[in-house]
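# Residue-level structure breakdown
Each chain, letter by letter, is given below.
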Amino acid sequence: MLKAGVIGWPLSHSLSPRLHMHWLKKYGIEGEYVAMPVAPEGLAEALSALRQRKFRGCNLTVPHKEKAVALMDSLDAAAKAIGAVNTIVVMSDGTLAGSNTDAYGFAENLRLHSLPHKRKAVVLGAGGAARAICHALLAEGFAEIALANRTLRKAETLAAHFGPACRVAGWQKRDEALEGASLLVNATSLGMTGNEPLDIDLSALPEDAVVCDIVYVPLETPLLAQAKRRGNPVVDGLGMLIHQAVPGFEAWFGVRPEADAAARAALLEGL
Ligand code: NAP
């Protein structure tokens, strides 16, 4: 039995087990993908136990992605550049190889939704997801990223990390930053069920700009509903979740799974 899973804290609403179990069933693979709730202080122990427990690897989610970097034996280029690991493969010699597929998942999903002109992107947030998204956007050739985050210091740190194409826009000035943008991404947790909605005035956003919310509970966030009403193309957060899971599944279970409508339907059942 091939085994993999996801490590996070808390893990109650992770959709990853549902997605990987859907693919295991679809491809007739004898395997399992389990949820492993692990508190922050238990990460190192949980990772070293993967080998003994005969796991092929795992995904990592909040709050472990950044701390895991120092616990890997090797890192791929994206994990190094982003400073976070979301996918781990236990290699045949027992070493742990860390990668980051969040940037890939974001870019791949956006590409399928007719990537806008690569002029200016506005990214809201400066947490782990925003970091991966900025990396993806620069790799995709966006000329400029305006980054707005509630905590200014975190936006400044991120902008400094990515260089002059990424500049800080004050959180209070997020409405004005939308002028001339071809893409708006919400990478904060605002709009998620149980959190406040994202308070933003879209008047300055060009009508052809794509609006993307990586929050996927609810699937249509207040931001996406607002953008739809004014005619902007919208991209919800489920596609990124599905695409980021593809490389891990392939590495653990030996089949590159399809990020198709059936995978999306399997996740929608869990929402
Ligand atoms: P994180 O590192 O904890 O960052 C959270 C971000 O949200 C920070 O920028 C934070 O600002 C901001 N924020 C939180 N509460 C806020 C408030 N009341 N007002 C303004 N800003 C607020 O989390 P993350 O890993 O980046 O994830 C962010 C969101 O993306 C989560 O909802 C997560 O579920 C979702 N996500 C989705 C996918 C996907 O595949 N679709 C992948 C990863 C993450 P401060 O810096 O000021 O605290």
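Now for a look at the structure at hand. (Residues numbered from 1 in each chain as written. Predicted model: local features only at pLDDT ≥ 70, side-chain atom pairs only at ≥ 80, totals over all residues. Heavy atoms only, no water.)

## Quick notes on the environment of A84
As for its placement among the helices and strands, A84 is situated in the loop between α3 (77–82) and β5 (87–90). Looking at A84, the relative accessible area reads 3%, which means it is buried. Residues A84 and A70 lie 14 residues apart in sequence; the distance between their C-alpha atoms is 9.6 Å. (Helix = DSSP H or I, 4+ residues; strand = E, 2+ residues; numbered from the N terminus. Buried < 20%, exposed > 50% of the residue type's maximum accessible area, 1.4 Å probe, protein only.)

## Notes on unusual backbone geometry
Glycine aside, the phi torsion of most residues is negative, and most peptide linkages are trans. Cis rather than trans, the peptide bond between W9 and P10 has omega equal to -5 degrees. Considering the arrangement of structural elements, one finds P10 in the loop between β1 (2–8) and α1 (16–26). Cis rather than trans, the peptide bond between V62 and P63 has omega equal to 5 degrees. Residue placement: P63 occurs in the loop between β3 (55–60) and β4 (74–75). You will see that K54, though not glycine, has its phi angle at about 60 degrees, which is positive. The topology assignment puts K54 in the loop between α2 (43–52) and β3.

## A word on the pairing of strand β11 (residues 210–213)
Residues of β11 alternate between two faces, with V210 and C212 on one and V211 and D213 on the opposite face, all of them buried. The pairing of strand β10 (residues 183–186) with β11 spans 4 bridges and is parallel. Within β11, the residue paired with V185 across the bridge is C212. The pairing of β11 with strand β12 (residues 234–235) spans 2 bridges and is parallel. (Pairing = 2+ DSSP bridges.)

## Notes on the sheet that holds β3
Across the sheet, which stays open at both edges, the 6 strands sit in the order β2-β1-β3-β5-β6-β4 with mixed pairing between neighbours. Both outer strands of the open sheet, β2 (31–37) and β4, are each paired with one neighbouring strand and no more. Relative to strand β6 (residues 96–99), β5 runs antiparallel, the two being bridged by 4 bridges. Among the inter-strand pairings, V89 is bridged to a residue of β6, identified as A97. Helix-sheet contacts for α1 involve β1, β2 and β3, and the interaxial angle to β2 is about 175 degrees. (Contact = heavy atoms within 4.5 Å. Axes fitted to C-alpha atoms, helices over the stretch in contact; angles between N-to-C directions.)

## A short note on the pairing of β5
Neither face of β5 is left uncovered, since the one carrying T87 and V89 and the one carrying I88 and V90 both have all their residues buried. In the sheet, β3 pairs with β5 via 3 bridges, with the strands oriented antiparallel. Looking at the pairing, G57 lines up with V89 of β5. Linking β5 back to β6 in an antiparallel pair, the connection comprises 5 residues, with G94 at a positive phi of about 90 degrees.

## Comments concerning the site of the ligand
Around the ligand, the structure places 22 residues, and the nearest of them are A129, N149, T151, K154 and G237. N149 is positioned such that a nitrogen or oxygen atom in its side chain is 2.7 Å from an oxygen atom of the ligand. Within the contact set of the ligand, an oxygen atom lies 2.5 Å away from a side-chain nitrogen or oxygen of T151. Look at the ligand: alone it shows 930 Å² of surface, and the protein chains cover 79% of it. For the shell around the ligand, the secondary-structure elements that each account for two or more residues are α5 (128–139) and α9 (238–253). Residue classes in the shell around the ligand are distributed as 12 nonpolar, 8 polar and 2 charged. (Near = heavy atom within 4 Å. Polar contact = N/O pair within 3.5 Å; in protein donor to acceptor, adjacent residues only side chain to side chain. Areas by Shrake-Rupley, 256 points an atom, 1.4 Å probe, with all protein chains shown as cover. Nonpolar A, V, L, I, M, F, W, Y, C, P; charged D, E, K, R; others polar.)

## A closer look at the nonpolar core
By size, the foremost hydrophobic cluster in this structure holds 32 residues, and its most contacted members are F106, V123, I133, C134, L137, L183 and I214. Secondary-structure elements contributing two or more residues to this core are α3, α4 (102–112), β7 (120–124), α5, β8 (144–148), α6 (152–162), β10 and β11. In terms of residue count, the dominant contributor to this core is α5 (6 residues). If you look at the next biggest cluster of nonpolar residues, it comprises 21 residues, including L11, Y33, F253 and L267. (Core = buried A, V, L, I, M, F, W, Y, C linked by side-chain atoms within 4.5 Å.)

## Examining a nonpolar patch on the surface
Judged by side-chain polarity, M192, V217, L268 and L271 come together as a nonpolar surface patch covering roughly 290 Å² of accessible area. Within the secondary structure layout, L268 lies in helix α10 (residues 261–268). Take L268: its relative accessible area is 36%, and that puts it in the partly exposed class. (Patch = residues over 30% accessible without salt bridge, like charges linked within 9 Å, V, L, I, M, F, W, Y side chains within 5 Å. Salt bridge = Lys/Arg side-chain N within 4 Å of Asp/Glu carboxyl O.)

## Points about the pattern of salt bridges
Taken as a whole, this structure holds 11 salt bridges when the rule is applied. Its salt-bridge partner being E269, residue R18 comes within 3.9 Å of it at the nearest N-O pair. Here E269 lies in the segment after α10 and R18 lies in helix α1, a separation of 251 residues in the sequence. We classify E269 as exposed; its relative accessible area is 63%.

Take it as geometry only, folks, not as evidence of what the structure does.
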